[in-house]
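Coordinate inspection notes
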Amino acid sequence: GNSVTQMEGPVTLSEEAFLTINCTYTATGYPSLFWYVQYPGEGLQLLLKATKADDKGSNKGFEATYRKETTSFHLEKGSVQVSDSAVYFCALSTGGFKTIFGAGTRLFVKA
Amino acid sequence: EADIYQTPRYLVIGTGKKITLECSQTMGHDKMYWYQQDPGMELHLIHYSYGVNSTEKGDLSSESTVSRIRTEHFPLTLESARPSHTSQYLCASSDLVESSRQYFGPGTRLTVT
C-alpha cells in the first residue's frame, strides 16, 4: 500500500541554519507529493507541492524536488527563521480520495 | 487563505455529554474530511464525504458520527463523550478538480474530563 516516511523530530536549529527534513514514499502509480505546515494552534496549510517526477515545488524559501528514482521528496531551506518553527508534514496523493500523511516533524528554531 | 471554519476552537466537557463539532466551508468543495490528531501529531482519517448525503468511515475506527445534509456543512457528533475522545479534531475539504490538495480548518481541541 501507499505510505510516507519522514524523519523523526524534533529538529532544533539556530536561526539562519540550513534545514533538511527527509521524506520518502511508497506508492503505486504516479503520486502527487506535498509538504504541509502546521503552526502552533492552527490547522495544516499547504506549503508546496510537486505533481510529477523532477518537478521542484517552492514557497517562502522552502524547496523540495520530486525524485522518482529515490522515491524521495526532501524539504530544504537555506536559512531558517524563528517564525519557521512549526510541524511539517510530508504527504502523497494518487488522485483518489485519500491523502497519506507522514507522522510530522517538529522544527524548533532558536534566535 | 482557506475559507473553512471550525467551532468551537476549544471545548472542555464532562464524561457522558453529547457534543457536536461544527465544520463549514464556503468554497463549494464536494469532498470533506475529519481527522483526529494525536499528541504525537500524526493525523488519522476518521470520516469523509464525497458530497451531500454521502458519508464514509475512515482508517481509524471512531465512535463519532457525521452527517452531510448541505455541501458546506459537515458536523461531527459524539453521543457520549469519554476521556479517550480527548484529542485535536481537524476538518478539511477539497474540490473535485484539484482533489488531491486539502484545505484545513483551525481545529477543535477537545478535552473530556
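Scroll up for the structure.
Heads up: these notes are all about the structure in this document.

Calculation criteria
Residues numbered from 1 in each chain as written. Chains lettered and ligands numbered in written order. Predicted model: local features only at pLDDT ≥ 70, side-chain atom pairs only at ≥ 80, totals over all residues. Heavy atoms only, no water. Pairing = 2+ DSSP bridges. Helix = DSSP H or I, 4+ residues; strand = E, 2+ residues; numbered from the N terminus. Axes fitted to C-alpha atoms, helices over the stretch in contact; angles between N-to-C directions. Core = buried A, V, L, I, M, F, W, Y, C linked by side-chain atoms within 4.5 Å. Buried < 20%, exposed > 50% of the residue type's maximum accessible area, 1.4 Å probe, protein only. Contact = heavy atoms within 4.5 Å. Salt bridge = Lys/Arg side-chain N within 4 Å of Asp/Glu carboxyl O.

What follows concerns the sheet that holds strand β7 (residues 56-59) of chain A. Residues and elements named next belong to chain A. Judged by pairing direction, the sheet is antiparallel, and its 4 strands sit side by side in the order β3-β9-β8-β7 without closing on themselves. Only two strands of the sheet have a single neighbouring strand rather than two, namely β3 (19-21) and β7. The mean inter-strand angle of the sheet, taken between neighbouring strand axes irrespective of direction, is 15°.

Attention shifts here to the sheet that holds strand β8 (residues 76-78) of chain B. Spatial strand order, β1-β3-β8-β7 (chain B): 4 strands in an open sheet with antiparallel pairing. Looking along the sheet, the strands with just one partner apiece sit at the ends: β1 (4-7) and β7 (65-66) of chain B.

A word on the nonpolar core. The biggest cluster of nonpolar side chains holds 26 residues, and the ones touching the most others in it are Leu19, Trp35, Leu47, Leu48, Phe73, Leu75 and Tyr88 of chain A. Those elements that place two or more of their residues in this core are β2 (11-14), β3, β4 (23-26), β5 (32-38), β6 (44-50), β8 (62-65), β10 (86-93) and β12 (105-110) of chain A. No other element matches the 4 residues that β10 of chain A contributes to this core. When residues no more than four places from it in sequence are discounted, the contact partners of Leu47 of chain A are Trp35, Tyr36, Val37, Asn59, Lys60, Phe62, Leu75 and Tyr88 of chain A. Within the second largest apolar cluster, 18 residues are counted, among which are Tyr35, Met41, Leu45 and Phe104 of chain B.

Further remarks concern the pattern of salt bridges. All names here are of chain B. Throughout the structure, instances matching the rule amount to 6 salt bridges over all chains. The salt bridge involving Lys18 is made with Glu79; its shortest N-O contact spans 3.9 Å. Here Lys18 is found in the loop between β2 (10-13) and β3 (19-25), whereas its partner Glu79 is found in the loop between β8 and β9 (87-94), with 61 residues between them in sequence. One salt bridge in this structure joins Glu72 and Arg70, with 3.0 Å as the shortest N-O distance. Residue classification places Glu72 among the partly exposed positions, given a relative accessible area of 32%. Assessed through its relative accessible area of 43%, Arg70 is described here as partly exposed.

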